[in-house]
Amino acid sequence: MSPLEPPRARRVAVVGGARIPFARSDGPYATASNQEMLTAALDGLVERFGLREPGAVGEFVAGAVLKHSRDFNLARETVLGSALDARTPAYDVQQACGTGLQAVIAAANKIALGQTESAVAGGADTASDAPLGVNDALRRILLEARRAKSAGARLKALAGLRPAHLVPDIPRNAEPRIGLSMGEHAAITARAWGITREAQDELAATSHRRLAAAYERGLFRDLVVPFRGLARDQNLRPGSTVEKLAALKPVFGLDAPDPTMTAGNSTPLTDGAATVLLASEEWAKARGLQPLAYLTAYETAAVDFVGGDVADGEDGLLMAPAYAVPRMLERAGLGMDDFDLVEIHEAFASQVLATLAAWEKRGLAPVDRARLNVAGSSLATGHPFAATGARIVATLAALLAERDGPGRGLISVCAAGGQGVTAILEKT
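Residues numbered from 1 in each chain as written. Predicted model: local features only at pLDDT ≥ 70, side-chain atom pairs only at ≥ 80, totals over all residues. Heavy atoms only, no water.

K.L.:
I'd like to hear about the overall build of the protein, residue by residue, with values.
P.N.:
A count of helices and strands for the protein gives 13 helices and 12 strands. In terms of overall dimensions, the protein is globule-like: its C-alpha atoms have a radius of gyration of 22 Å, near the 22 Å expected for 428 residues. For the protein, the C-alpha atoms occupy an extent of roughly 75 × 60 × 50 Å along the three principal directions. The buried share of the protein, taken over its 428 residues, is 56%. Carbon together with sulfur atoms contributes 53% to the accessible area of the protein, which is approximately 18000 Å² in total. (Helix = DSSP H or I, 4+ residues; strand = E, 2+ residues; numbered from the N terminus. Rg over C-alpha atoms; globule rule 2.2 N^0.38 Å. Buried < 20%, exposed > 50% of the residue type's maximum accessible area, 1.4 Å probe, protein only. Areas by Shrake-Rupley, 256 points an atom, 1.4 Å probe, with all protein chains shown as cover.)

K.L.:
Go over helix 6 (residues 182-193) with me, naming the residues and quoting the values.
P.N.:
In this model helix 6 runs 17 Å from its N-terminal to its C-terminal C-alpha over 12 residues, within 8% of the 16 Å that 1.5 Å per residue would give. Buried residues along helix 6 sit in contact with strand 6 (250-252), strand 7 (261-262) and helix 11 (349-361). In the segment just after helix 6, glycine 194 is the residue with positive phi, at about 65 degrees. (Expected span 1.5 Å × (residues − 1). Contact = heavy atoms within 4.5 Å.)

K.L.:
Before we move on, could you go through unusual backbone geometry and cite the residues and values that matter?
P.N.:
Unlike most non-glycine residues, arginine 228 shows phi in positive territory, near 50 degrees. Counting through the fold element by element, arginine 228 comes out in the loop between helix 7 (197-216) and helix 8 (242-246). Despite not being glycine, asparagine 373 shows a phi value in the positive range, around 45 degrees. Residue asparagine 373 is classed as buried on the basis of its relative accessible area, which comes to 2%.

K.L.:
Outline the packing of helix 6 against helix 11, supporting the account with residue identities and numerical values.
P.N.:
At their nearest, the axes of helix 6 and helix 11 sit 9 Å apart, and the two run at 45 degrees to each other. Considering the angle they form, helix 6 stands oblique to helix 11. Remark: the crossing between helix 6 and helix 11 carries left-handed chirality. Facing helix 6, whose interface residues are Ala186, Thr189, Ala190 and Trp193, helix 11 presents Ser350, Ala354, Ala357, Ala358 and Lys361. Among the residues forming the contact of helix 6 with helix 11, the class breakdown is six nonpolar, two polar and one charged. (Axes fitted to C-alpha atoms, helices over the stretch in contact; angles between N-to-C directions. Parallel < 35°, antiparallel > 145°, perpendicular 65-115°, else oblique. Left-handed = near helix turned anticlockwise from the far one by under 90°. Nonpolar A, V, L, I, M, F, W, Y, C, P; charged D, E, K, R; others polar.)

K.L.:
Talk me through the nonpolar core; I want residue IDs and the actual numbers.
P.N.:
Membership of the largest hydrophobic core comes to 49 residues, with the highest contact counts inside it found for Leu101, Phe220, Leu278, Ile411 and Leu425. If we ignore the near neighbours within four places in the chain, the residues touching leucine 278 are Val12, Ala13, Val14, Val104, Ala107, Ala108, Ile111, Glu117, Ser118, Ala119 and Ala121. Ranked by size, the runner-up nonpolar core spans 36 residues in total, among them Tyr29, Ala40, Leu84 and Tyr294. (Core = buried A, V, L, I, M, F, W, Y, C linked by side-chain atoms within 4.5 Å.)

K.L.:
How would you summarise the pattern of salt bridges if you had to cite specific residues and measurements?
P.N.:
Pairing is possible between side chains that carry opposite charge, provided their charged atoms lie close to one another. Taken as a whole, this structure holds 23 salt bridges when the rule is applied. Between glutamate 117 and arginine 10 there is a salt bridge; the shortest N-O distance is 3.0 Å. Here glutamate 117, found in the loop between helix 3 (99-112) and strand 5 (118-126), pairs with arginine 10, found in the segment before strand 1 (12-19); they are 107 residues apart in sequence, far enough to count as distant. Arginine 408 is the partner of glutamate 426 in a salt bridge, and the nearest nitrogen-oxygen pair spans 3.5 Å. With glutamate 426 in strand 12 (residues 419-427) and arginine 408 in strand 11 (residues 407-415), this residue pair connects regions lying 18 residues apart in the sequence. Residue glutamate 426 is classed as buried on the basis of its relative accessible area of 18%. (Salt bridge = Lys/Arg side-chain N within 4 Å of Asp/Glu carboxyl O.)

K.L.:
Explain the packing of aromatic side chains to me, and be specific about the residues and the numbers.
P.N.:
The full count for this structure, using the stated rule, is three aromatic pairs. A centroid spacing of 5.0 Å and a plane angle of 65 degrees characterise the contact between tyrosine 29 and phenylalanine 227, whose relative ring orientation is edge-to-face. Pair noted here: tyrosine 29 is in the loop between strand 2 (23-24) and helix 1 (34-49) and phenylalanine 227 is in the loop between helix 7 and helix 8, with a separation of 198 residues, a long-range link. Comparing tyrosine 29 with phenylalanine 227, the two get one shared label, buried. Consider the rings of tyrosine 215 and phenylalanine 220, whose centres lie 4.6 Å apart with planes at 45 degrees: the pair is tilted. Residues tyrosine 215 and phenylalanine 220 agree in their burial class; the two are buried. Sitting above the plane of the tyrosine 294 ring, arginine 11 keeps its charged end 3.7 Å from the centroid. (Phe/Tyr/Trp six-rings, centres within 6.5 Å; stacked < 30°, edge-to-face > 60°. Lys NZ or Arg CZ within 6 Å of the ring centre and 35° of its normal.)

Following this line, the structure appears as structure tokens:
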């Protein structure tokens, strides 16, 4: 290869994954930090694949959405606290709920270009240990006092303190530009696409039923590492039925007639962490490891949820995958019928159903429900924001690996800020 010739992209193998069971917020992991959870997931991966020796992993890429100031270097601090070689480079990424999948893509790109032979990607989030910010008025007073040139000026600034300044800024599940929560946005989209309550409850019940069946048949035996007394996802309700879910009261979209979104067909606030081991084919072969699948394509997109066509559903906050997937499939020369498995992150049941409808409107073939989220998804597992993408990649790779022949799977993840991250996995 001449110095001016671009490097040829190599295939990127998904070798395996490890995550801790996801827990409802303010539950078993209430006092666990992002770093502690991510370290537990990473150590599970290190243990399973024997990654303790120096240089075993080329890089660690991970992130969190809800971060304390102490998490500014989360990935690197996680490496230093783990069984991985302390000389392993690490860095953080963040793209809201797409963080875990975006971390996988970042790591895969370096492997594809030959810049490293192996990498671990992942993410963690805790809604229980969410950071509390200093009241902005208090912050301004303290900064004024710090800038003061004399003791008198400092005292004058501090004299402006009031009891109300001690109230912390609490993180809100709302978009800064328009103030609506993700659930309220999803309710607007559900109305625009005519998504019914019955269809949402059916999707939610199916998610729980399929996740329970996946645990029973051992799919997660090599993917889930027990942590703080949990061996399975705490949100899992094997006995969920449409009838039980129908009894729940709506919690989003209450400003319009006949709201349909409940706590049962929406994901709960969740704590957890997940990791994925990626590598070149040569690295895997040298270690005697059989890749589960290969990451072959990925695409991101964003919608204008502030000034776009929101009321008609086209540019709803969580609808970016409706644009990303058709674009990715056109580039890859594939149609929806070419996929054996389809994994759509279940932020809300209504969002999954709206995405399916949008794909069809854009000319894609309908998704066979028997191929959709066959091992359950976020409605059943829960959704620790930055961990979800890594969870889905590892789960889909394991599902493809257990097939007798070749297979192809699609991943679609919606994210706050009107963004979407999508990818394709293949087993050859």
